[in-house]
Amino acid sequence: MSEGAGKAQEKRKVHAIKGVRDILPLETALWNRVEQTAHEVFATYGFGEIRLPILEHTHLFERTLGLESDVVSKEMYSILNREKEDHELWAWRDVASDWDVPVEDPNALDQFEDALERLLEGLDIKLSEDESFGGAVADSAVHALWEKLDELREARSKGVPPKDLETLIDTIRLKVACIREEELVLRPEATASVCRAYIEHGMHTLPGNVKLYYMGPMFRRERPQKGRYRQFYQIGAEVLSHTGDLKEDARVDAEVIEMLTTFFEKAGLEGTALYINSIGCKECRPKYVELLRTALTKVKDKLGPDSQRRIETNPLRVLDSKLESEQAIIEKLPRIAEHLCPDCLEEYTEVKKQLAMRGISYTQNFRLVRGLDYYMRTTFEITAPGLGSQNAVCGGGRYDGLVELLGGPPTKGIGFAIGTDRVILSLQEIRKLPVERALDVYVAWMGEKNYPAAMKIARRLREGGLAVELPPGEMKFGKALGLADKLGARYALIIGDDEVATKQFTVKRLEDGEQKKLGERELVAYLKAGEAP
Ligand code: AMP
């Protein structure tokens, strides 16, 4: 390496990847407070914490969120899970998928058949050993390929023309290329994981409704901006049940929202607003979507290119549009709440009644359709001030049928996810929270021989629950007090020859400089309460 290049490398700093960030000590104190509030509030509503893995099979989200969703089609971080012992298997896959077979060469054809056979044998073993491998796709693909291999052998024995062999081999090659190594993803959300865990642990046999909450990081490859990150954090809760009529469902919905409002209140988040909607069910939503599509087609020329495309692909998404020129048009579109089937209408009416009964104010927002496929009936969103365009701090809704979609028993579900990053941002912006320093006592010790005494006292104070800074090196009195002040300590405890000899310690309150001499026994009580006992 040249000297110049070496220097350049020295200078290049390491940094976190785009869209992820570090959360540093003073801020983490606030995070802990918010998370602790969730633990406490959710427990009072009978929810238990579930800790979920961050890695999941890709198909979990493909099945629940839908292949068309932004999250699945564009935003997931995936990882190939190539087990070490499968190395050979995938090498055969590479041979059978990439090889340009000279069809007139029988040796080459033998080798191709051999590679394919070894691949299929390997896959058969893998499929029988690992249920989750590849899912239905790999299963049927392997079966189809065994048939194609037989077909190829038969064609060769009959001596079909090279052109036909070529076509057959091409088909095989393409099918082989579709067999992928197992793919895992960093979870983009956790509702699907909760449902998976619910099924996997047979939680439907538990008594009563199953109420779970979780917190942790989620990953989506979105365009980062204020309040939108690629690794972000959610606090979420789900209620899964297999009994109850529409009225009971509505009560569950309202109680979940009540829990949320209590959480925001206790976390000190002010100025939140709750928006609700019903997006119908598989009976009434398709009819409404058609109605919307017809209405949108009539005004197609006035819409932007994205919305024009969505008329065909997903008309509901047009309602999400933030484009200024489309707002007046959207206001005039048919609204789903006016096209609900009798059951959905009954539940929506009941949810509103239940919210009113609980004194929770809300605004109906017909544009709240949520981006994900699995929602039905009740949907809601909570916004908070100080966040600019990314002002949603919580999204949620009902998802009856999702557990069934994943192979579980018929189950109703309702849940939400709070964006923790945004809650913190809003708390910081709106309440202008002072930077909190958590240091109670700075131990200003002087004279090397007094260090053991200082260490013992620091330990005693810490046992008493106080946050104590014991500097590792001796400092001059003035400098020590200056540092205690900069660290934001409430008190400085002075330990010098006199103090150790008399066992009377000088405590200086840094706020106003007031000093006291106290014995070791009185110290903890005084430092905790701020008063001499
Ligand atoms: P969703 O899972 O999309 O329903 O989102 C629920 C909540 O998570 C939103 O209301 C946001 O508060 C938060 N959220 C979603 N995506 C992000 C992101 N990329 N960065 C930060 N917060 C997010």
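Conventions used here
- Residues numbered from 1 in each chain as written.
- Predicted model: local features only at pLDDT ≥ 70, side-chain atom pairs only at ≥ 80, totals over all residues.
- Heavy atoms only, no water.
- Pairing = 2+ DSSP bridges.
- Helix = DSSP H or I, 4+ residues; strand = E, 2+ residues; numbered from the N terminus.
- Axes fitted to C-alpha atoms, helices over the stretch in contact; angles between N-to-C directions.
- Near = heavy atom within 4 Å.
- Polar contact = N/O pair within 3.5 Å; in protein donor to acceptor, adjacent residues only side chain to side chain.
- Areas by Shrake-Rupley, 256 points an atom, 1.4 Å probe, with all protein chains shown as cover.
- Nonpolar A, V, L, I, M, F, W, Y, C, P; charged D, E, K, R; others polar.
- Buried < 20%, exposed > 50% of the residue type's maximum accessible area, 1.4 Å probe, protein only.
- Contact = heavy atoms within 4.5 Å.
- Patch = residues over 30% accessible without salt bridge, like charges linked within 9 Å, V, L, I, M, F, W, Y side chains within 5 Å.
- Salt bridge = Lys/Arg side-chain N within 4 Å of Asp/Glu carboxyl O.
- Lys, Arg positive; Asp, Glu negative; His and termini not counted.
- Charge placed at Lys NZ, Arg CZ, Asp CG, Glu CD.
- Core = buried A, V, L, I, M, F, W, Y, C linked by side-chain atoms within 4.5 Å.
- Phe/Tyr/Trp six-rings, centres within 6.5 Å; stacked < 30°, edge-to-face > 60°.
- Arc of directions from axis to C-beta.

S.K.: Describe in detail the sheet that holds strand β3 (residues 77–80), supporting the description with residues and values.
M.R.: In space, the three strands of this open sheet follow the order β2-β4-β3, with antiparallel pairing throughout. Two strands close off the open sheet at either side, each with one partner strand: β2 (55–57) and β3. Strand after strand, the sheet turns through a mean of 40° between neighbouring axes, direction not considered. Relative to strand β4 (residues 183–186), β3 is paired through four bridges, and the arrangement is antiparallel.

S.K.: Account for the site of the ligand, with residues named and values stated.
M.R.: The local shell around the ligand holds 15 residues, among which Arg220, Glu222, Tyr229, Arg370 and Ala392 are the closest. Contact between the ligand and Glu222: a nitrogen atom at 2.6 Å from a side-chain N or O atom of the residue. Cys394 places a main-chain nitrogen or oxygen 3.5 Å from an oxygen atom of the ligand. Computed on the free molecule, the ligand has an accessible area of 480 Å², of which 89% lies beneath the protein chains in the complex. Looking at the shell around the ligand, the elements with two or more residues in it are β6 (231–241), β10 (392–398) and β11 (412–419). At four residues, the largest contribution of residues to the shell around the ligand is made by β10. Across the shell around the ligand, the residue classes tally to six nonpolar, four polar and five charged.

S.K.: Please set out the side chain of Lys412 residue by residue, giving values where relevant.
M.R.: The topology assignment puts Lys412 in strand β11. On the basis of relative accessible area, Lys412 is assigned to the buried category, the value being 19%. Here the side chain of Lys412 touches Gly244 through a polar contact of 2.6 Å, landing on its backbone oxygen. Dropping the residues within four chain positions of it, Lys412 is found in contact with Val239, Leu240, Ser241, Thr243, Gly244, Asp245, Asp249, Arg398 and Asp400.

S.K.: Tell me what's going on with a negative patch on the surface, and back it up with residues and numbers.
M.R.: On the surface, a cluster of negative charge is made up of Asp245, Glu248, Glu283, Asp343 and Glu346. Tracing the sequence through the fold places Glu346 in helix α14 (residues 342–357).

S.K.: Give me the pairing of strand β14 (residues 491–495): which residues, what numbers.
M.R.: Taking burial as the measure, the five residues of β14 include five buried ones, the bulk of the element. Side chains of β14 alternate between two faces, with Tyr491, Leu493 and Ile495 and Ala492 and Ile494 buried alike. Where strand β12 (residues 441–445) and β14 come together, five bridges link them in parallel fashion. Within β14, the position partnered with Val441 by the bridge is Tyr491. Across four bridges, the pairing between β14 and strand β15 (residues 504–509) is antiparallel. If you follow Leu493 over to β15, its bridge partner there is Val507.

S.K.: Outline the pattern of salt bridges, listing residues and values.
M.R.: The tally for this structure, following the rule as stated, stands at 35 salt bridges. A salt bridge links Arg377 to Glu347, with the nearest nitrogen and oxygen atoms 3.7 Å apart. In this pair, Arg377 sits in strand β9 (residues 376–383) while Glu347 sits in helix α14, placing the two residues 30 residues apart along the sequence. Of the residues examined, Arg377 reaches a relative accessible area of 10% and is grouped as buried. Owing to a relative accessible area of 1%, Glu347 belongs among the buried residues under this scheme. Glu520 is the partner of Arg460 in a salt bridge, and the nearest nitrogen-oxygen pair spans 3.1 Å. Taken together, the positions of Arg460 in helix α17 (residues 451–463) and Glu520 in helix α20 (residues 520–529) put the pair 60 residues apart, joining distant regions of the chain. Here the residues in one salt-bridge network are Asp110, Glu113, Glu117, Arg153 and Arg156, joined through shared partners.

S.K.: How would you explain the sheet that holds strand β5 (residues 210–219) if you had to name every residue and give the values?
M.R.: Spatial strand order, β1-β5-β6-β11-β10-β9-β7-β8: eight strands in an open sheet with mixed pairing. Each edge of the open sheet is held by one strand with a lone partner, namely β1 (48–49) and β8 (363–364). As paired strands, strand β7 (residues 273–278) and β9 are joined by six bridges and run antiparallel to one another. In the strand pairing of β9, Ile276 is matched with Phe380. Set on the sheet, helix α9 (residues 191–200) makes contact with β5 and β6; between it and β6 the angle comes to about 45°.

S.K.: Break down the nonpolar core for me, with residues and values.
M.R.: Counting residues in each nonpolar core, the largest one holds 98 residues, and the members touching the most others are Phe42, Phe263, Phe264, Leu319, Phe380, Phe416 and Ile418. Broken down by element, the residue count for this core peaks at ten residues, all from helix α10 (residues 246–267). Not counting residues within four places of it along the chain, the set of residues in contact with Ile418 comprises Phe42, Tyr233, Gln234, Ile235, Leu260, Phe263, Phe264, Val393, Cys394 and Val423. Core analysis: the second largest hydrophobic core is formed by 24 residues, Val101, Val103, Leu127 and Val176 among them.

S.K.: Describe the packing of aromatic side chains, with residues and values.
M.R.: Going through the model one piece at a time under the given rule, you end up with eight aromatic pairs. With a centroid separation of 5.3 Å and an interplanar angle of 80°, the aromatic rings of Phe42 and Tyr213 are classed as edge-to-face. Taken together, the positions of Phe42 in helix α2 (residues 25–44) and Tyr213 in strand β5 put the pair 171 residues apart, joining distant regions of the chain. A ring pair is formed by Phe42 and Phe263, whose centres lie 6.0 Å apart and whose planes are at 55°; its orientation type is tilted.

S.K.: Report on helix α3 (residues 58–65), specifying residues and quantitative values.
M.R.: Buried within α3 we find Thr58, Leu60, Phe61, Thr64 and Leu65. Taken around the axis of α3, the buried residues stretch over an arc of 160°, which confines them to a single face. The first or second residue beyond α3 is Gly66, which carries a positive phi of 95°.

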